[in-house]
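Here is what each chain is made of, one letter per residue.
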Amino acid sequence: MPSDQQVPEPVDGPGTVRTDLLRFLERQTGRTWAIDADVFGSGGLSSLFAMELVVHLERTYGIAIRGSDLRMENFRTVLRMTALVERLRQPAPGGPGA
């Protein structure tokens, strides 16, 4: 049973993002998820929960999810959310750090 006192892993790669998302989903829904499970296709999760996911991702990873990135397809599975986070964490071409 997960403890509310767990310390999050450092944000350092896709494996960590996946682990964090799986823990977040389990905490919020009370069920265990596979990384490729369609979290919205399984029923019971609302568009309000989708917004909670967006806020969680933005706050946890210091990213901004805007425009075309707000498509539901980016949030269907833990794998897709991880890919979105990793892409948005990359420096913009020609921007600082590039």
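Higher on the page you've got the structure.
None of the values given here were measured: they were computed from a predicted structure. (Residues numbered from 1 in each chain as written. Predicted model: local features only at pLDDT ≥ 70, side-chain atom pairs only at ≥ 80, totals over all residues. Heavy atoms only, no water.)

*Asks:* Give me the packing of aromatic side chains: which residues, what numbers.
*Replies:* Applying the stated rule across the entire model yields two aromatic pairs. Centroid distance F24 to F49: 6.3 Å. Interplanar angle 25°. Geometry classified as stacked. You can see F24 sitting in helix 1 (residues 14-29) and its partner F49 sitting in helix 2 (residues 47-61), a full 25 residues away along the chain. Accessibility assignment for this pair places F24 and F49 in one class, buried. Here F40 and F49 contribute two aromatic rings whose centre-to-centre distance is 6.4 Å and whose plane-to-plane angle is 55°, an arrangement assigned as tilted. (Phe/Tyr/Trp six-rings, centres within 6.5 Å; stacked < 30°, edge-to-face > 60°. Helix = DSSP H or I, 4+ residues; strand = E, 2+ residues; numbered from the N terminus. Buried < 20%, exposed > 50% of the residue type's maximum accessible area, 1.4 Å probe, protein only.)

*Asks:* So, the side chain of T82: which residues are in play, and what are the values?
*Replies:* Structurally, the position occupied by T82 is in helix 3 (residues 78-89). For T82, a relative accessible area of 4% gives the class buried. A distance of 2.8 Å separates a polar atom in the side chain of T82 from the backbone oxygen of V78. (Polar contact = N/O pair within 3.5 Å; in protein donor to acceptor, adjacent residues only side chain to side chain.)

*Asks:* Any chance you could break down the pattern of salt bridges for me, citing the residues and the numbers?
*Replies:* On inspection of all chains with the given rule, the structure shows six salt bridges. With its nearest N and O atoms 2.7 Å apart, the salt bridge here joins E58 to R66. When its relative accessible area of 55% is taken as the criterion, R66 is described as exposed. Across the pair R76 and E73 runs a salt bridge whose closest N-O atoms are separated by 3.0 Å. Relative accessible area serves as the criterion here: at 37%, E73 is assigned to the partly exposed category. (Salt bridge = Lys/Arg side-chain N within 4 Å of Asp/Glu carboxyl O.)

*Asks:* If you had to explain helix 3 to someone new, which residues and values would you point to?
*Replies:* Between its first and last C-alpha, helix 3 extends 16 Å over 12 residues, near the 16 Å set by a 1.5 Å rise per residue. Here helix 3 has its buried residues at V78, M81, T82, L84, V85 and E86. (Expected span 1.5 Å × (residues − 1).)

*Asks:* Describe helix 2, with residues and values.
*Replies:* The end-to-end C-alpha separation of helix 2 is 21 Å, in line with the 21 Å expected for 15 residues at 1.5 Å each. By the N-cap criterion, in which a side-chain oxygen at the helix start approaches the backbone nitrogen of a residue two or three places on, helix 2 is capped by S46, the distance to L48 being 3.3 Å. Remark: G62 follows helix 2 within two positions and exhibits a positive phi of approximately 60°.

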